[in-house]
Amino acid sequence: MSVLAEIAVFPMDKGSSVSPWVARVLSVIQESGLPYQLGPMGTTIEGGRAEVMQVVDGCLAALEADCDRVYMTLKVDLRKGPVGRMAGKVASVEARLAEN
């Protein structure tokens, strides 16, 4: 099973600029070794279900130590079959767009 997960996680008690904490979360994702793509409103991670959920838990843990309140959104696409779907899904849409 291949999992694509889009995660957005940040503290709610650190003011209007939370980029230092988002960078901390991204470090957890990078250290996992899983493929990921940073976006302006979230980060997509690809891997096996257990691996991806372990990273998600690590992201929460990274903020838990010094944040009183943490907000997270998580979208998951679980699919049997191919890996490398993160890039493939974008390429498929871009190819269709080019046809139009």
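Residues numbered from 1 in each chain as written. Predicted model: local features only at pLDDT ≥ 70, side-chain atom pairs only at ≥ 80, totals over all residues. Heavy atoms only, no water.

Under an unreviewed UniProt entry, the name given to the protein is MTH1187 family thiamine-binding protein, and the organism recorded is Nitratidesulfovibrio oxamicus. Per UniProt, the comment on the protein under Sequence similarities (unreviewed entry) is "Belongs to the UPF0045 family." (UniProt positions renumbered as here; feature names shortened; annotations may be inferred.)

A word on a nonpolar patch on the surface. A cluster of nonpolar side chains, Met 1, Met 53, Leu 74, Val 76 and Leu 78, forms an exposed patch at the surface whose accessible area comes to about 450 Å². With three residues, strand S4 (residues 70–79) is the largest single contributor of residues to the nonpolar patch. Overall, Met 1 belongs to the exposed group, its relative accessible area being 56%. (Patch = residues over 30% accessible without salt bridge, like charges linked within 9 Å, V, L, I, M, F, W, Y side chains within 5 Å. Areas by Shrake-Rupley, 256 points an atom, 1.4 Å probe, with all protein chains shown as cover. Salt bridge = Lys/Arg side-chain N within 4 Å of Asp/Glu carboxyl O. Helix = DSSP H or I, 4+ residues; strand = E, 2+ residues; numbered from the N terminus. Buried < 20%, exposed > 50% of the residue type's maximum accessible area, 1.4 Å probe, protein only.)

With that settled, consider helix H1 (residues 19–32). Counted at 1.5 Å a residue, the expected span for H1 with its 14 residues is 20 Å, and the 20 Å between its end C-alpha atoms agrees. Trp 21, Val 25, Leu 26 and Ile 29 are the residues of H1 that are buried. Along H1, the residues classed as buried sweep out an arc of 145 degrees about the axis, all on the same side. Packed against the buried residues of H1 are strand S1 (2–11), strand S2 (36–38), strand S3 (43–47) and helix H2 (49–64). Just beyond H1, the residue with positive phi is Gly 33, at close to 80 degrees. (Expected span 1.5 Å × (residues − 1). Arc of directions from axis to C-beta. Contact = heavy atoms within 4.5 Å.)

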